[in-house]
Amino acid sequence: MSIRLLSIDFDGTMVSRVSEPVLDRECMELIRDLQNDGAVWAINTGRSVDLLESGLTDLEFPIRPDFILTTEREVFRPGTNGEKWEPFGDWNARCARDHAELFSSAQSILTEVVDFVTQKTKAQLIYHSEGLEGLRAASEEEMDRIVKFIEQARDPASKFNYQRNTIYLRFCHADYHKGAALAELARLIDIPRENIFAAGDHHNDISMLNGDVAGMPACPANAIEEVKSAVRSAGGYVAHREHGAGVHEALRFFLNGSPNRTGL
């Protein structure tokens, strides 16, 4: 299988915030080589466009992504009118419309969550210009309690959902996530599942690592156990090394065509 599209998470996967080096040089060089050979690289992140750009600048990334998939659901391509990035197709507009309709109809569950968070936890609610966006828990253990409450309170038939990454949680429409954004990008640039490599480390990455969207799912050794399990179940590769070094290891694995994909 040839890699034609790479979808790689930013924080915790490509970028290490807990060890040196922050960026793995060999990983960056290999991605550049793949780009030069015609492959497309997309950063698939929970960050907003502005926060991702800040990260690329602050960390002095030696290469630029071809596309960015932001806030775990939006799809952007390089801008054509002086902007760095612009929406690709009508996906972002549909995403915004569906989220507005969802949150308008989900006020009761949001009220329950707000009451629980403010009265029973030390978590902080996060708002943006259009209202409540998510929350930040005091610890992962506290986030476990909050997620358990949301699962018990929400209507299973509703599209009300959330994306979780460490102590952060973002409320969202169930049909929009990293996997859905990756599938839309792949559709727009006409790249089949079999030629897509995806790598991530946390809960919000599972939708692009479960085998539905990417034929070559992978994770670094620092990934949480739920991610490792999802990658293994999808026949992917769990690296022995952490962060960018693990991404480099996984890319080499798939490029070399090894028949054994179990990793750790």
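To keep things clear, this report deals only with the structure shown in the data block. (Residues numbered from 1 in each chain as written. Predicted model: local features only at pLDDT ≥ 70, side-chain atom pairs only at ≥ 80, totals over all residues. Heavy atoms only, no water.)

Here helix α3 (residues 91-105) spans 21 Å end to end across 15 residues, near enough to the 21 Å set by a 1.5 Å rise per residue. Those residues of α3 that sit buried are W91, N92, C95, D98, H99, L102 and F103. The arc that holds every buried residue of α3, seen down its axis, measures 130°, which confines them to one face. In α3, the exposed positions angled more than 90 degrees off the buried face are occupied by A93, S104 and S105. (Helix = DSSP H or I, 4+ residues; strand = E, 2+ residues; numbered from the N terminus. Expected span 1.5 Å × (residues − 1). Buried < 20%, exposed > 50% of the residue type's maximum accessible area, 1.4 Å probe, protein only. Arc of directions from axis to C-beta.)

Take the sheet that holds strand β2 (residues 40-44) next. The eight strands are arranged β5-β4-β3-β2-β1-β10-β11-β12 in an open sheet whose pairing can be described as mixed. Each end of this open sheet is capped by a strand with a single partner; those strands are β5 (85-87) and β12 (237-238). Pairing geometry for strand β1 (residues 5-8) and strand β10 (residues 196-199), over four bridges, is parallel. Counterpart to L6 in the pairing with β10 is F197. Along the sheet, helix α8 (residues 243-256) makes contact with β1, β10, β11 (216-219) and β12, crossing β10 at roughly 155°. (Pairing = 2+ DSSP bridges. Contact = heavy atoms within 4.5 Å. Axes fitted to C-alpha atoms, helices over the stretch in contact; angles between N-to-C directions.)

Position of N195 relative to the elements: it lies in the loop between α6 (178-188) and β10. At a separation of 2.8 Å, a polar atom in the side chain of N195 contacts the main-chain carbonyl oxygen of S2. (Polar contact = N/O pair within 3.5 Å; in protein donor to acceptor, adjacent residues only side chain to side chain.)

The subject of this paragraph is the sheet that holds strand β6 (residues 124-128). One open sheet holds the four strands; their spatial order is β6-β7-β9-β8, and the pairing between them is antiparallel. The outermost strands of the open sheet, each flanked by one partner alone, are β6 and β8 (160-165). Strand-to-strand twist across the sheet, computed as the mean angle between neighbouring axes with direction ignored, equals 35°. Bridge analysis of β8 against strand β9 (residues 168-173) gives six bridges, and the strand direction is antiparallel. Counterpart to R164 in the pairing with β9 is L169. Taken strand by strand, helix α5 (residues 140-153) contacts β7 (131-136), β8 and β9, and its axis lies near 170° from that of β8.

Glancing now at the packing of aromatic side chains. For the coordinates displayed, the defined rule picks out nine aromatic pairs. Ring geometry for F253 versus F254: centroids 5.1 Å apart, planes at 80°, classification edge-to-face. (Phe/Tyr/Trp six-rings, centres within 6.5 Å; stacked < 30°, edge-to-face > 60°.)

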